[in-house]
Amino acid sequence: MVRRTVINVRPWGREAVDLVIEDDRIAEVRPTGGPADAGGGEVNDGEVIDGRGLVALPGFVNAHAHVDKSWWGMPWVSAGGEGGTQGRIAHERAERDRYGIPSADAATAVLGEFLRHGTTATRTHVDVDLGVGLAGIDVVREAVARHQGAIQAEIVAFPQDGVIRRPGVLDLLDRAAAAGATAIGGLDPAGIDRDPVAQLDGLFAIAERRGVGLDIHLHDGGELGAFQYELIIDRTLRTGLQGRVTVSHGFALGELAVDRRLGLVERLAEAGISWATVAPPRSAPLPWREMIEHGVGIGLGTDGIRDLWSPFGDGDLLRVALGFARLHGLRTDQELITAVELAGSRAAGFVGRTVHDLVAGARADVVLVDAENVPDALVRAPARELVIAGGRVVARSGRLA
């Protein structure tokens, strides 16, 4: 057994404690300055880390990433192609081979950026299509393995180029699920495939047969988006997949009239459907308070980072939480704390965890920041002083260890 004790840290900005870590778990949270606990079993490492009274947060959870798409670490790639979802898809398909995408080196670099910014678990969509097949899944698994367990990744096999309009993609998704993908994805059943019933029937059939989850990108706005939410809710309830379905982006939910919106929130809660958002600045704010009150899970993600869709992104989920706070007009301390919780403890379910926090029994994922309190940490997004992932120190002062 390897034991480390991180002394004098303030979880969520509260009173100082010591975190006793055994192997990859938090074994004990005790008042700081108390007597050392010898514990039991063979101890190979009794390292003590002085937390210097810093604010401690659980490792961040990136609930929506695309680590297979990035050109991180390569020479700068100028943006090109046409705008809109379809334009970006076409540009990526035309150019990705030229840049060697997907690349294990680039995916490894992106995951390294996640780690040094304090993200210790992610749900990443990985493109599965007729051109790349399942190769991207192997690339991402290799990149995760290179980090030797520091970051954990749930893989969503994602049909970025459509499903029904590309015969053969449903078979690829089925093969990905059989090969261990945690979930399969969908993309704008109406706006891209122009056949929402066929796409959703095909996806839910695979999910039900293979015992995997679903994560559906849905950009369609207004009533067209709402109509597809209703189809997803219906199929979730009929197939018994409550708690295993996520809508990503889901911009329409913030665009609807109040009564319509709240009625959908109630039905989403009934079906156990969660929501992943990257909080883009020009999107309609989500009814996040009502979603939380009804138990609809919300997770934050970076989306793509330096890819053929956009040159933006740096892997810092705390900055995404800050963007969420700004988009939704958050001001009070508790609201700002909630934004950080959405980037961490409240996102446990997106990476298959029942608990993700600074408590005994949880995976030892700890982020230390030099801040007065959690709201201060959010609005300044300072460098991460220390990142512990699975019980190991992986970054210090914003640099990978």
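Source: prediction; values computed, not measured. (Residues numbered from 1 in each chain as written. Predicted model: local features only at pLDDT ≥ 70, side-chain atom pairs only at ≥ 80, totals over all residues. Heavy atoms only, no water.)

### Some details on empty space enclosed by the protein
Tallying each qualifying case throughout the model produces 3 cavities of 30 Å³ or more. Taken as a whole, the largest cavity encloses approximately 60 Å³ of empty space. Surrounding the largest cavity, Asp68, Lys69, Glu92, Arg96, Ile101, Pro102, Asp127 and Val132 form its lining. A class-by-class count of the residues in the lining of the largest cavity yields 3 nonpolar, no polar and 5 charged. Here the second largest cavity defines a volume of roughly 50 Å³. Looking at the second largest cavity, the residues that line it are Trp71, Val77, Ser78, Ala79, Gly80, Arg88, His91, Asp307, Leu308, Trp309, Ser310 and Pro311. (1 Å grid on protein atoms, 1.4 Å probe; cavity = no way out; pocket = protein on both sides within 12 Å on 5 of 7 lines; lining within 4 Å. Points joined across faces, edges and corners; volume = space filled by probe spheres on them. Nonpolar A, V, L, I, M, F, W, Y, C, P; charged D, E, K, R; others polar.)

### Concerning the environment of Ala143
Mapping Ala143 onto the fold places it in helix H3 (residues 135–146). By relative accessible area, Ala143 is classed as buried at 0%. Along the sequence, Ala143 and Val20 sit 123 residues apart, while their C-alpha atoms lie 30 Å from each other. The contact partners of Ala143, leaving out residues within four places of it in the chain, are Ala104, Ala107, Thr108 and Leu111. (Helix = DSSP H or I, 4+ residues; strand = E, 2+ residues; numbered from the N terminus. Buried < 20%, exposed > 50% of the residue type's maximum accessible area, 1.4 Å probe, protein only. Contact = heavy atoms within 4.5 Å.)

### Side note on unusual backbone geometry
Cis geometry is adopted by the peptide bond preceding Pro102, which originates at Ile101 and carries an omega value of 10 degrees. A positive phi angle is found at Asn8, which is not glycine, with a value near 60 degrees. The topology assignment puts Asn8 in strand E1 (residues 2–11). On the basis of relative accessible area, Asn8 is assigned to the partly exposed category, the value being 26%.

### Digging into the pairing of strand E6 (residues 60–65)
Across the 6 residues of E6, 6 count as buried, placing the element largely inside the fold. Relative to strand E7 (residues 119–127), E6 runs parallel, the two sharing 4 bridges. Counterpart to Ala65 in the pairing with E7 is Thr124. (Pairing = 2+ DSSP bridges.)

### Observations concerning the side chain of Arg10
Topologically, Arg10 is positioned in strand E1. Despite its burial, Arg10 pairs with no opposite charge; the closest candidate is Asp370, at 6.6 Å N-O. Discounting chain neighbours no more than four positions away, the residues touching Arg10 are Glu15, Ala16, Gly53, Leu54, Val55, Ala56, Ala371 and Glu372. (Lys, Arg positive; Asp, Glu negative; His and termini not counted. Salt bridge = Lys/Arg side-chain N within 4 Å of Asp/Glu carboxyl O.)

### Regarding the side chain of Thr124
Its location among the elements puts Thr124 in strand E7. Among the polar contacts listed, one links the side chain of Thr124 to the backbone nitrogen of Val67, at a separation of 3.1 Å. Setting aside residues no more than four positions away along its own chain, Thr124 makes contact with Ala65, His66, Val67, Val140, Glu154, Ile155 and Val156. (Polar contact = N/O pair within 3.5 Å; in protein donor to acceptor, adjacent residues only side chain to side chain.)

### Thoughts on the packing of helix H6 (residues 222–239) against helix H7 (residues 258–271)
Relative to each other, H6 and H7 sit at 25 degrees, their axes nearing to 9 Å. The orientation of H6 relative to H7 falls into the category roughly parallel. Of the two possible hands of crossing, H6 and H7 adopt the one that is left-handed. Residue-level inspection shows Glu223, Ala226, Tyr229, Glu230, Ile233, Thr236 and Leu237 of H6 in contact with H7, the latter providing Arg260, Leu264, Arg267, Leu268, Glu270 and Ala271. Looking at the contact of H6 with H7 residue by residue, the classes come out as 7 nonpolar, 1 polar and 5 charged. (Axes fitted to C-alpha atoms, helices over the stretch in contact; angles between N-to-C directions. Parallel < 35°, antiparallel > 145°, perpendicular 65-115°, else oblique. Left-handed = near helix turned anticlockwise from the far one by under 90°.)

### Here we look at the packing of helix H4 (residues 169–178) against helix H5 (residues 196–210)
Interaxial distance between H4 and H5 falls to 10 Å at its minimum, and their mutual angle equals 20 degrees. Of the possible angle classes, the one that applies to H4 and H5 is roughly parallel. Both H4 and H5 take part in a crossing whose hand is right-handed. In contact with Leu170, Leu173, Asp174, Ala177 and Ala178 of H4, H5 contributes Gly202, Leu203, Ile206, Arg209 and Arg210. Class assignment for the residues of the contact of H4 with H5 results in 6 nonpolar, 1 polar and 3 charged.

### Considering the packing of aromatic side chains
Scanning the model with the defined rule gives 2 aromatic pairs in all. Ring centres of Tyr229 and Trp275 lie 5.2 Å apart, and the angle between their planes is 75 degrees; this geometry places the pair in the edge-to-face category. In this pair, Tyr229 is assigned in helix H6 and Trp275 in strand E12 (residues 273–277), connecting sequence segments 46 residues apart. The pair formed by Tyr229 and Trp275 is uniform in burial state, with each residue classed as buried. Its end group placed over the ring of Trp72, Arg306 keeps NZ or CZ at 4.8 Å from the ring centre. (Phe/Tyr/Trp six-rings, centres within 6.5 Å; stacked < 30°, edge-to-face > 60°. Lys NZ or Arg CZ within 6 Å of the ring centre and 35° of its normal.)

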